[in-house]
Amino acid sequence: MAALGWLTPRRRSATARSVLAGEASAEAARKTAQAGAPHAPEAAGAPETGPAPTPGEAPGTAAAEAEAAEAAEAEAAEPEFPVHGDDLAAAFFDLDNTVMQGAAIFHFGRGLYKREFFRRRELARFAWQQAWFRLAGVEDPEHMQDARDSALSIVKGHKVSELMAIGEEIYDEYMAERIWPGTRALAQAHLDAGQKVWLVTAAPVETATIIARRLGLTGALGTVAESVDGVYTGRLVGEPLHGPAKAEAVRALAAAEDLDLERCAAYSDSHNDIPMLSLVGHPYAINPDTKLRKHARANDWRLRDYRTGRKAVKVGVPAAAGVGAIAGGAAAAIALHRRRK
């Protein structure tokens, strides 16, 4: 059963490596943002079909209409947010399954496979990881780190500039059409209010920066891979920007930018990001997993679920999965790539 250890999420607190990862990410994010203004945002593609609504909650039913009315009533009662002209506030958005469907590292892996950076065996591993992420809706730290280790071994010895150029192409090929319009609208509301908006993700900071720039956001906090003379060494600075490390990155960036975290907002789908969400005065659960949905309800956090095309204040849609479904998803991904070769 040891091999299935990554199926069970583990709680972690901030460590010295988390702090190092967070500070390195904040420093990289500020340097990149200061290097130039973000590009104008691109048109978002239509999202793929998400999980079916929970029985009894299909769109158009009395339950769905009641939830929509509850959402409208709650929003009407809330004060204006984001507050226009508040330069002490900013917004922090998780990437995977919050801003974009699926995991960025998997889509990046697909693009590298297409360019023959690695073999089909590694593709199968990426497919398995993506199938678990999308069907189970769970981010396990060890599982996520395993994905990062796979990516690091692939890019070791390659130039940072080379991977950045390829990343631009991969965004167009696999990521652009997977942006959630609802979450993007939330980010745009902060931008329109004159606030900075940052992605916060365990994906490589270079990949996250490309996505942030394409969406017209301020910049990105991501996992920092070590490079010497512009070439990847295959090692990380600290650890993957996951869980407590994300909170450390947000804390470090807020300090450097003179932000008031009580006036800031954070958005995520995962209970692993509760440390980051708890830092700010305006936490949002977006497309929440079961644990985050329960935590958000208990703490009266606002919820949004775009997977079924409806918005809910107190209701989320749990994702169901089994080992058979995961294996089937992995097999489907491999078959798809075989047909495309």
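Just so you know, these numbers come straight off a predicted model, no measurement behind them. (Residues numbered from 1 in each chain as written. Predicted model: local features only at pLDDT ≥ 70, side-chain atom pairs only at ≥ 80, totals over all residues. Heavy atoms only, no water.)

Draft legend 1. Highlighting the packing of helix 1 (residues 16-35) against helix 9 (residues 244-257). Where helix 1 contacts helix 9, the two axes come as close as 7 Å, and the packing angle between them is 45°. Relative to helix 9, the element helix 1 is oriented oblique. Pair helix 1 / helix 9 crosses with right-handed handedness. Across from S18, V19, A21, G22, E23, S25, A26 and R30 in helix 1, the residues of helix 9 making contact are P244, A245, E248, A249, A252, L253, A256 and E257. Grouping the amino acids of the contact of helix 1 with helix 9 by side-chain chemistry returns nine nonpolar, three polar and four charged. (Axes fitted to C-alpha atoms, helices over the stretch in contact; angles between N-to-C directions. Helix = DSSP H or I, 4+ residues; strand = E, 2+ residues; numbered from the N terminus. Parallel < 35°, antiparallel > 145°, perpendicular 65-115°, else oblique. Left-handed = near helix turned anticlockwise from the far one by under 90°. Contact = heavy atoms within 4.5 Å. Nonpolar A, V, L, I, M, F, W, Y, C, P; charged D, E, K, R; others polar.)

Draft legend 2. Looking closely at the packing of helix 6 (residues 160-175) against helix 8 (residues 205-214). Packing of helix 6 against helix 8 brings their axes to within 9 Å, and their N-to-C directions diverge by 50°. One finds that helix 6 runs oblique with respect to helix 8. Helix 8 is crossed by helix 6, and the crossing has right-handed handedness. In this structure, helix 6 contributes V160, M164, G167, E168, Y171, D172 and M175 to the contact, and helix 8 contributes E206, T207, I210, I211, R213 and R214. Looking at side-chain class alone, the contact of helix 6 with helix 8 contains six nonpolar, two polar and five charged residues.

Draft legend 3. Structural detail: the nonpolar core. F93, L112, Y171, M175, L199, I211 and Y267 are the most contacted members of the largest nonpolar core, which has 43 residues in total. Among the elements that make up this core, the one with the highest residue count is helix 6 (seven residues). With residues up to four places along the chain from it excluded, the contact list for Y267 reads F81, A91, F92, F93, D94, T98, L186, H190, M276, L277, Y284 and I286. The next biggest cluster of nonpolar side chains, apart from the first, holds 29 residues, and it includes A21, W198, V200 and V280. (Core = buried A, V, L, I, M, F, W, Y, C linked by side-chain atoms within 4.5 Å. Buried < 20%, exposed > 50% of the residue type's maximum accessible area, 1.4 Å probe, protein only.)

Draft legend 4. Geometry of the pairing of strand 2 (residues 196-204). Counting buried positions over the nine residues of strand 2 gives seven, a clear majority of the element. In this structure, strand 1 (residues 90-94) lies alongside strand 2, joined through five bridges in parallel fashion. Its bridge partner being in strand 2, F92 is matched across the sheet by W198. Here strand 2 pairs with strand 3 (residues 219-223) via four bridges, running parallel. Looking at the pairing, L199 lines up with A220 of strand 3. Since strand 2 and strand 3 lie parallel, the crossover through helix 8 that links them has a hand, and here it is right-handed. (Pairing = 2+ DSSP bridges. Right-handed = clockwise from strand over helix to strand, strands pointing away.)

Draft legend 5. Representation of the sheet that holds strand 2 within the structure. Taken together, the six strands give an open sheet; going across it, the order is 3-2-1-6-7-8, and neighbouring strands pair in parallel fashion. Either end of the sheet is taken by a strand with one partner, and the two such strands are strand 3 and strand 8 (302-304). Going across the sheet, the axis of each strand differs from the next one's by a mean of 20°, ignoring polarity. Pairing geometry for strand 7 (residues 282-286) and strand 8, over three bridges, is parallel. The partner of I286 across the bridge, within strand 8, is R304. In the packing of helix 7 (residues 181-192) onto the sheet, the strands contacted are strand 1, strand 2, strand 6 (265-268) and strand 7, and the crossing angle to strand 1 comes to about 160°.

Draft legend 6. Region of the structure containing the side chain of K246. Here K246 shows up in helix 9. Among residues more than four places away in sequence, those in contact with K246 are D94, V200, T201, A202, L241, D273 and M276.

Draft legend 7. Up close: unusual backbone geometry. One non-glycine residue with positive phi stands out, namely N97, at about 70°. Topologically, N97 is positioned in the loop between strand 1 and helix 3 (104-114). On the basis of relative accessibility, which here comes to 15%, the residue N97 falls in the buried class.

Draft legend 8. Molecular detail of helix 3. The element helix 3 is extensively covered by neighbouring structure, given that 10 of its 11 residues are classed as buried. Buried within helix 3 we find A104, I105, F106, H107, F108, G109, R110, G111, L112 and Y113. Looking one or two places after helix 3, you find E116, whose phi comes out positive at around 60°.

Draft legend 9. Just the pattern of salt bridges, in detail. Under the defined criterion, the tally for this structure stands at 17 salt bridges. Close ionic contact of E168 with R213 constitutes a salt bridge, the shortest N to O distance being 1.8 Å. Within this pair, whereas E168 is found in helix 6, its partner R213 is found in helix 8, the two being separated by 45 residues in sequence. With a relative accessible area of 18%, R213 lands in the buried category. We note a salt bridge from R214 to E168, for which the minimum N-O separation is 3.0 Å. Taken together, the positions of R214 in helix 8 and E168 in helix 6 put the pair 46 residues apart, joining distant regions of the chain. (Salt bridge = Lys/Arg side-chain N within 4 Å of Asp/Glu carboxyl O.)

Read these as geometric descriptors, not functional statements.
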